[in-house]
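Notes for the structure review
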Amino acid sequence: MRVRGASHLILSGIALLPFARGREAAADEPSLVQLLQGAGEYVLAYESAFRIVVAEEVYVQRRRVSATGPVHETRRLASDVAFVRAPGTALPWWLLRDVYEVDGSPVRDREARLEKLLVGGSAGGGLERPRAIADEGARFNLGRSYRNFNVPTLVLAFLHPAVQPRFSFERKGRTTIEGRPFVEIQFRELKAPTVIRGPDAAPDVLAAGRVWLHDGTDGTVGRTELVLEVAGDGVTTRVLLTTEYRPYRPLALWVPVEMRDRLQTELAGSRGRSGTVEVVDGLAAYSRFRQAGVTTEEEVRPPDAPPR
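Residues numbered from 1 in each chain as written. Predicted model: local features only at pLDDT ≥ 70, side-chain atom pairs only at ≥ 80, totals over all residues. Heavy atoms only, no water.

Here we look at the overall build of the protein
The cut-off we apply is this: Each helix is a run of H or I in the DSSP string that is no shorter than four residues. Each strand is a run of E no shorter than two, and both are numbered from the N terminus. Exposure is judged per residue with a 1.4 Å probe applied to protein chains only, and the accessible area is read against the type maximum: over 50% gives exposed, under 20% gives buried, and values in between give partly exposed. By the convention used here, residues are in contact when the closest approach between their heavy atoms is within 4.5 Å. Each accessible area is a Shrake-Rupley estimate made with a 1.4 Å probe; only the visible protein chains count as cover when residues are assessed.
Regarding its fold elements, the protein presents three helices and 15 strands. With 308 residues in all, the protein has 51% of them scored as buried. Partitioning the contacts of the protein with sequence separation of at least 6, the portion at a separation of at least 24 is 63%. Of the roughly 14200 Å² of accessible surface on the protein, 50% is carried by carbon and sulfur atoms.

Structure representation (structure tokens):
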């Protein structure tokens, strides 16, 4: 799957509001429309702050040949990652992953390749080489399915004011994250062309999931969940991707500190028989956030211990 180019996301110039429904808000709490407006402003701040932000990622993947069977293969990837502005896509920023270690063995000399390439030039106009590095690193992912959507901040793009009208939103429950109240909001993409692309046999992939917004008007995102399903050419792929965010004072934003993903691929069997199933579970932890070229940094605490 891949993210569709921006040329396929031409929206009407008419002011639109996302389709929103759910229970009535109490007089002392923000309405769903106010929550989404705050989230849109928050994502715009993210778009500005995440022009070039770099971090370190430890990503552990485990492959099974059935949903509940034993683990057949494990892989631990250590990478430098860069969040950059990404013109030419439906997203205001993208994640570039430069793998430097696989299962404890180096695959290249440890150097800040992405940071060196991005600092000193236009992050928007010179991404060809960094993207080539990221595409090269994708070959280390376990599983038969190629993917470039295993990006912790992907769902934030759906809250961008220009993208919100493509979705419906419904207010659900409430929870507490880092001692602060958050509202759970369910979302669903309404129609094609979709933000995320599948293979040629099933090019449009409708996204659904949930996002947890601070119960106020500042739009802070504390958790996101993405659900995808695509079927075609005898293959059905289901994706679940969850990201946890925690406060990061240097950017005055909450940054992704943990991503969990599950990719389940089913091959149709012949003559009505069940086919083979492959499941890849991933857990990624992020640390050492910093703006590229700036040495000042601050650690953010993940929800659990980092993967080993």
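There is more to say after this.
Details of helix α1 (residues 32-49)
To be explicit about the condition: Take the residue count of a helix, subtract one, and multiply by 1.5 Å to get its expected span.
Across its 18 residues, α1 extends 25 Å between first and last C-alpha, which sits within 8% of the 26 Å expected from 1.5 Å per residue. Burial in α1 covers these residues: Leu32, Leu35, Leu36, Gly38, Ala39, Gly40, Tyr42, Val43, Tyr46, Glu47 and Ala49.

Observations concerning the environment of Pro106
Note on placement: Pro106 falls in strand β6 (residues 105-106). Judged by its relative accessible area of 65%, Pro106 is exposed. Through-space distance from the C-alpha of Pro106 to that of Ala78 is 9.1 Å; in sequence the pair is 28 residues apart. When near neighbours in sequence (up to four residues on either side) are disregarded, Pro106 contacts Tyr100 and Glu101.

Notes on the pairing of strand β7 (residues 167-177)
Residues in a regular strand project their side chains so that they alternate between the two faces of the sheet. Rules: Strand pairing is defined by DSSP finding a minimum of two bridges between the two strands.
Summarising the sheet, β7 and strand β8 (residues 180-189) pair through nine bridges and their orientation is antiparallel. Of the residues in β8, the one forming a bridge with Ile177 is Arg180.

Digging into the confidence of the model for the protein
Short version of the rule: Confidence of the predictor in every single residue is expressed as pLDDT, which spans 0 to 100.
Looking at the protein as a whole, the pLDDT averages 81, with 79% of positions reaching at least 70. Between residues 5-17, whose pLDDT stays under 50, and residues either more than four places distant or in other chains, the model counts 15 contacts.

Digging into the nonpolar core
The following threshold applies: Among the buried residues, those of types Ala, Val, Leu, Ile, Met, Phe, Trp, Tyr and Cys that are joined through side-chain atoms within 4.5 Å form a nonpolar core.
With 72 residues, the main nonpolar core has Tyr46, Phe50, Phe158, Leu159, Leu226, Val255 and Phe289 as its most contacted residues. The element best represented in this core is α1, accounting for eight residues. If near-sequence neighbours (up to four positions away) are discounted, Leu226 is found in contact with Leu154, Val155, Phe158, Phe187, Ile196, Ala207, Ala208, Val239, Leu240 and Leu241.

Comments concerning the packing of aromatic side chains
Selection criterion: A pair of Phe, Tyr and Trp rings is counted when the ring centres sit within 6.5 Å of each other, with Trp represented by its six-membered ring. The angle between the planes then sorts it: under 30 degrees is stacked, over 60 is edge-to-face, the rest tilted.
Evaluation of the coordinates by the stated rule reveals 10 aromatic pairs. Residues Tyr46 and Phe50 carry aromatic rings whose centres are separated by 4.6 Å and whose planes lie at 40 degrees to one another, so their mutual orientation is tilted. As far as the burial class goes, Tyr46 and Phe50 line up, both buried. Consider the rings of Phe158 and Phe187, whose centres lie 5.7 Å apart with planes at 70 degrees: the pair is edge-to-face.

Points about the pattern of salt bridges
What counts here: What makes a salt bridge here is a side-chain nitrogen of Lys or Arg within 4 Å of a carboxyl oxygen of Asp or Glu, nothing more.
Tallied over the entire structure, the rule returns 24 salt bridges. Residues Glu266 and Arg238 are paired through a salt bridge, measuring 2.8 Å at the closest nitrogen-oxygen approach. Here Glu266, found in strand β14 (residues 253-267), pairs with Arg238, found in strand β13 (residues 235-248); they are 28 residues apart in sequence, far enough to count as distant. In this structure, the salt-bridge partner of Arg260 is Glu258, at a minimum N-O distance of 3.1 Å.

Considerations on unusual backbone geometry
The amide bond that connects Ala192 to the next residue, Pro193, takes the cis arrangement and shows omega of 0 degrees. By the secondary structure assignment, Pro193 is in the loop between β8 and β9 (196-197). Positive phi is not limited to glycine here, since Glu178 has a value of about 55 degrees. By secondary structure assignment, the location of Glu178 is in the loop between β7 and β8. Judged by relative accessible area, Glu178 falls into the partly exposed class, the value being 37%. We note that Ala252 has phi near 55 degrees; this positive angle belongs to a residue other than glycine. Along the chain, Ala252 turns up in the loop between β13 and β14.

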